[in-house]
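Take a look at the letters that make up each chain.
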Amino acid sequence: MKYGWLGIVMTSVFLGSLAPANAQATLKAVQERGVLSCGVSQGLPGFSAPDDTGKWSGLDVDFCRALAAVTLNDPLKVKFVPLSAKDRFTALQSGEIDVLSRNTTWSLSRDTSLGLNFTAVMYYDGQGFMVRKSLKVNSALELNGASVCVQTGTTNEQNLADYFRSNNMKYEVVAFATADETIKAYESGRCDVFTSDVSQLYAERLKLTVPDDHAVLPEIISKEPLGPVVRHGDDQWFDIVKWTLFAMVNAEELNVTQKNVGEMLKSNKPEIARLLGTDGNLGQQLGLTNDWVVRIVKAVGNYGESFDRNVGAGSKLRISRGLNKLWNQGGIQYAPPIR
Amino acid sequence: MATAPRRPPFRPLTRLWRVLSGDTGWKGIAGQLVFAGLLAWLVSDIVINARANLQAQHIASGFGFLAGTAGFSVNQALIRYSEADTYLRVFEVGLLNTLLVSIIGIVFATLIGFAVALGRLSPNWLLARLSGGYVEIIRNLPLLFQLLFWYLAVLAALPNPRQSLSVFGVAFLNNRGFVVPHMEPQQGAGVFVVAILAAIAASLVMMAYARRRLYRHGERLRVWPFALALLIGLPLLGIVLFGVPVSFDVPVLRGFNFTGGTRVTPELVALTIALSTYTAAFIAEIVRGGLLAVPKGQMEAGASLGLSRPAILRLVIIPQAMRLILPPLTNQYLNLTKNSSLAVAIGYPDLFSVFAGTTLSQTGQAVEIIAMTMAVYLAISLVTSALMNAYGWHLDRSQRA
Amino acid sequence: MSGDDTIFVRETLAPARKAPVVTTGIIGFLRTRLFNSPLNIVLTFASAALLWIVLEPTIRFLFVDAVWKGADRTACLADQAGHPVGACWPFIQAKFTQLTYGFYPEDQRWRANLTFALAALLLAPLLVPKIPGKTLNAGLFFIAFPFLAFFLLRGGGLDGFAFYWLAELFGVAWTPSLTRFWLDFSLTTTVVTAAAVWLWGGWLNGRRAGIVTALTFAGIALVIEALQLDRGGLPVVDTRQWGGLLVTLVVSITGIVASMPVGIALALGRTSRIPLLRIFSIAFIEFWRGVPLITVLFFATYMLPLFLPGDFTIDALVRVLVGIALFAGAYNAEVIRGGLLAIPRGQREAANALGLSYWKTTGLIVLPQALRHVIPALVNSFIALFKDTTLVLIVAIFDLLGQLRAAFADPTWATPTTLFTGFAFTGIIYWVGCFAMSRYSLFVERRLNAHRNT
């Protein structure tokens, strides 16, 4: 009993060491804190996955590093917060993370009813199907009566239902809470088909024992534009995140790479000068330094380099650029001009 | 000549004061008021914060979401369900799935638990040790662990549909489930059911009559040939007069899966096995404790009457042990029902998985959904406790008489 | 010789009869316990067959066919090894640090090791009945250790002490600094010691309480200096990086430690005569006992942040700990209530006759006896809590089982036997822990009831 009331005195130690988070003025909070808190997935190869030592890599991870480079001048000052599909939005709403870079689909209901803002599109994706090659299926329309594994809490479940209903096909849905469980169930044969965003299909295929035994069907049944998300109410931070992505795309358009950014600084071309900050004060207008794009490119390269390294030809996934090519090369990645 | 003692004066206010203060006087009343005040402040603080936070996050309030379209399908529904149905329908489907797995689990757990308890008390040394080993191993492993093990073991062992194990060519076992022929009721179905019920009722009447004759006059009547004849003959008569009551819809492999027939999903099988074996281990210990609590003299008295060991157990020991076993047994039934919510880990669409899982992530209305789910589980707990208490009261009455 | 027919004297040896049936030794055992009736013979053979069917593949899988060395999945594939492969132990070896620590940074792992060494050091004497000083031991383990473990495992420091937190609560500006911290601390010490002395009855009776309080604060000061909590403490390791056995032990030990005061308070409330307290305790207990633990975890994870003011965040792990503490507290309340009811009413009446107040009776006479009586039941509920920590997987916190499932997804180790190997390994860990606790509970129960077995 004598020790009991001391417990009362000391109980508020917990409360005392929990830091309150600010919803406004995220840039100032990040710079004061000295580290960027970035919400990522729990392990999706190519987008955000830790290796055995806990080091993160991926397309979404590169974006976070670019953001850290512009705000803190150090791409390594990022705290990655792995989030499930269920608590990714609540983490952003509550202020636990500053930006959600977790291959999240931009949809109207998410943009309006959750108090969040989608900034730009990092990756134009769509939902597709993966089947075993041994089933000799060439099109999604041959999947009548199949068992389909899908992850709950994603738009994939509803798109799946809509697709099969509108094509008058029957199916059995087998839904799991995490992507890992879903892919394991697919591999064990519990279901014939695995459905998810096509980029995820390629990524999860790597986790299978014999990846080449499985094929991705050609049908894309939905639009899934993936991009970073921030909270409502902080326009400056919204602009910074958005323009960081646009800067990466513009850098690729103007052929500024990680290797040649030093020489490009000496270039006389007006667009490159504006981009790299040698002309004008566009960086300061955002609230950053004028060499903000230089920082980005030095840290992670331009959009094409990051894509190649993480999900494209230079990675294990080998996804073709497809829709994600630049607008002047047949794709739809189009960033507004930096001027 | 002492007069009878007079009744104490009524004094309602004093009694009210005593009750309200718990005999601690004004300090108790003041303390309770302070406590009530703190509680009210805490609750109002929570409600205000919740309302502010929900508004800031643009999350809707109220139960209107129940009328929204679900948009996703569920792989086991005991009532008709399609993606165009409302969230309320999803709630009903989930609730029925939970009740299904709970009831099946309770039945199997009781059977296995009693069997293991009797095995543990058996004079056969090997059987006793084996049952003891079962209880020790199962009780000391987490339920989620066992559930995942059964699910992955069950799935790994079964073949895919194109190589199903066939049972007499009409039922098939594969890793999508166990497909059995579906019974479609035909014209003669109603009569068939009525015939069976009538036969059962008649048999019960005959058994009651035979017992009365035995107790009153000492005559032993052989009732079982007549009961058997009725149970077989009446329905047969119904079939002959009105036609076969059911037609069978045999499952056929078409494309990826079997069409036709009813399918028991491997999720249901794994969940039932895991829940039953786990709870059976605890029930075995409870039953064993109850059986050991019955005085040893009862066993010896039964033996001296010439009864065999099974007969003694059935007629003497178990009825006496039941009263002791009932409260902890109720507890285990409640635990089983609550543990069925682990279905979310293997994708079985019970109430928690479809409602507090998928619906919650689609609508975002955490407060209403979790409140509804908790209320349902509380209600199930209360109903089960009430039923078991009623049974216990009935036992008390019959034992006292 | 007389012709008397009633007397008979043998003149030749009787033929030797067969030896009686052996009922001792191995043969006797087989005869009486295993094969003494047709039913038993059948049962014995059936049981033996069952045992063989279960044991033989298990032992073959775990030891005979197992692969003990390898670098990746090719070592555990049947066609590579040349024989049907059993357990893939290199998989466990590769994932061992992940299964134990999660993603706790490697250079800081000494902190986790130190915490568990301390826990073992404090818990072991508590479990042995003969070792004296149980109150001090219990106080250190249940109250001091959690805070120490918090600062060791998570890191971070203290900006100030009681007055600083009061200022924060009431919105008074207070810039933290080293001198202010120690000023705050000494002020708190004096105030609390004075309060202790006053509460325990003034200078004469409360002197001891005052000295104990002062010593406790001195201990706290030592710890603060050792861990440099006033200067920012150890580097912060976010709870999202914790995983595996570390999380399992943190959740179960915190659950056990936190549920004890909650349980005692609720049990005392339930048995109190004050109507409001009793009704509130009954409602609280029945509510938490009537809902599944998963629902409680969901409630804690999704609804707790809604109940707090907008700019206040709580760590995901802390939310789960709060939920588990309340849930386990309600269950423990029922157990402790059983113990309270078992104390004869005469104890309270005798204490009353001596003039002790309610709190003194409860604290000095009733609770110590009640708690000692229900230790076996409490250990049983701790076993249940230890098993229930696996449920945090559902709210995306990676305990041992969660980390195992994540390890299954690694393609460098995907073989047909990886699943069973992982399950076998973690199963052994869980089983040993729970079995040890249940044996301890039996031991304590036997000791408590020794007077009945004479």
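If you're wondering where the values come from, they're calculated on a predicted model, not measured in any experiment. Residue indices follow the written sequence of each chain, beginning from 1 at its first position. Key to labels: chains lettered from A, ligands numbered from 1, both in the order written. Only residues with pLDDT of at least 70 get local features here, since the model is predicted, and only at 80 or more are side-chain atom pairs given and counted; chain-wide, interface and lining totals rely on the full set of residues. Side-chain numbers here rest on the full set of heavy atoms in the structure, without hydrogens or water.

Moving on, we get to the domain arrangement of chain C. Taken domain by domain, chain C comprises domain 1 (34-90), domain 2 (96-104 + 241-409) and domain 3 (109-236). Here the bounds of each domain stem from an automatic or database domain assignment. Placing the centre of domain 1 of chain C and that of domain 3 of chain C at their C-alpha centroids yields a distance of 53 Å.

Let's shift gears to the interface of chain C and chain B. In this analysis, two residues are considered to be in contact whenever any of their non-hydrogen atoms come within 4.5 Å of each other. Listed by partner, the interface residues are 54 residues for chain C and 54 residues for chain B. Around 4800 Å² of area is buried between chain C and chain B when both sides are counted, 75% of it from carbon and sulfur atoms. Throughout, buried area stands for the accessible area (probe radius 1.4 Å) lost by two parts on being put together, summed over both. On the chain C side of the interface with chain B, the three residues burying the most area are Leu306(C), Lys387(C) and Phe423(C), jointly 13% of the side's total. Whenever Lys or Arg places a side-chain nitrogen within 4 Å of a carboxyl oxygen from Asp or Glu, that contact is recorded as a salt bridge. Scanning the region where chain C abuts chain B turns up 0 salt bridges. Nitrogen and oxygen atoms within 3.5 Å of one another constitute a polar contact, given that in protein one can donate a hydrogen and the other can accept it, and given that sequence-neighbouring residues count only through two side-chain atoms. At the boundary of chain C and chain B, one finds 13 residue pairs in polar contact (both at pLDDT 80 or more).

Let's shift gears to helix 12 (residues 293-307) of chain C. In this model helix 12 of chain C runs 20 Å from its N-terminal to its C-terminal C-alpha over 15 residues, within 8% of the 21 Å that 1.5 Å per residue would give. What we call the bend at a residue is the angle made by axes fitted to the seven residues finishing there and the seven residues starting there. For helices the rule is a DSSP run of H or I covering at least 4 residues; for strands it is a run of E covering at least 2, with both sets numbered from the N terminus onward. At Ala300(C), helix 12 of chain C shows its maximal bend, which comes to roughly 35 degrees. Expected span of a helix, by definition, is 1.5 Å for each gap between consecutive residues, and there is one gap fewer than residues.

Attention shifts here to the pairing of strand 3 (residues 177-180) of chain B. All names here are of chain B. Of the two faces of strand 3, only one is covered, namely that formed by Gly177 and Val179; the face formed by Phe178 and Val180 stays uncovered. A strand pair is defined by DSSP finding two or more bridges across the two strands. Inspection of the sheet shows strand 2 (residues 171-174) paired to strand 3 by 3 bridges, in the antiparallel sense. Residue Leu173 lies in a different strand from strand 3, and its bridge partner there is Phe178. Taking the residues that link successive antiparallel strands as the turn, the strand 2-strand 3 hairpin has 2 residues. Here strand 3 pairs with strand 8 (residues 262-264) via 3 bridges, running antiparallel. Its bridge partner being in strand 8, Val179 is matched across the sheet by Arg263. Burial classification: accessible surface area is computed with a 1.4 Å probe over protein chains only, and a residue below 20% of its type maximum counts as buried, one above 50% as exposed, and the rest as partly exposed.

Quick look at the packing of aromatic side chains now. Classification of ring pairs uses Phe, Tyr and Trp, with its six-membered ring standing for Trp, and accepts pairs whose centres are within 6.5 Å; under 30 degrees between planes counts as stacked, over 60 as edge-to-face, and the remaining range as tilted. Enumeration according to the criterion identifies 49 aromatic pairs over all chains in this entry. Ring geometry for Trp327(A) versus Tyr334(A): centroids 5.2 Å apart, planes at 55 degrees, classification tilted. Joined through ring pairs, the aromatic side chains of Phe145(B), Phe149(B), Trp150(B), Phe61(C), Phe91(C), Phe386(C), Phe408(C), Trp413(C), Phe420(C), Phe423(C) and Tyr430(C) make up one cluster. Note on geometry: a ring has a charge over it if NZ (lysine) or CZ (arginine) is within 6 Å of the ring centre and within 35 degrees of the ring normal. Across the ring face of Tyr186(A), the terminal group of Arg132(A) is positioned such that the distance to the ring centre comes to 5.3 Å. The lysine or arginine in question, Arg321(A), covers the ring of Phe307(A), its NZ or CZ lying 5.2 Å from the ring centre.

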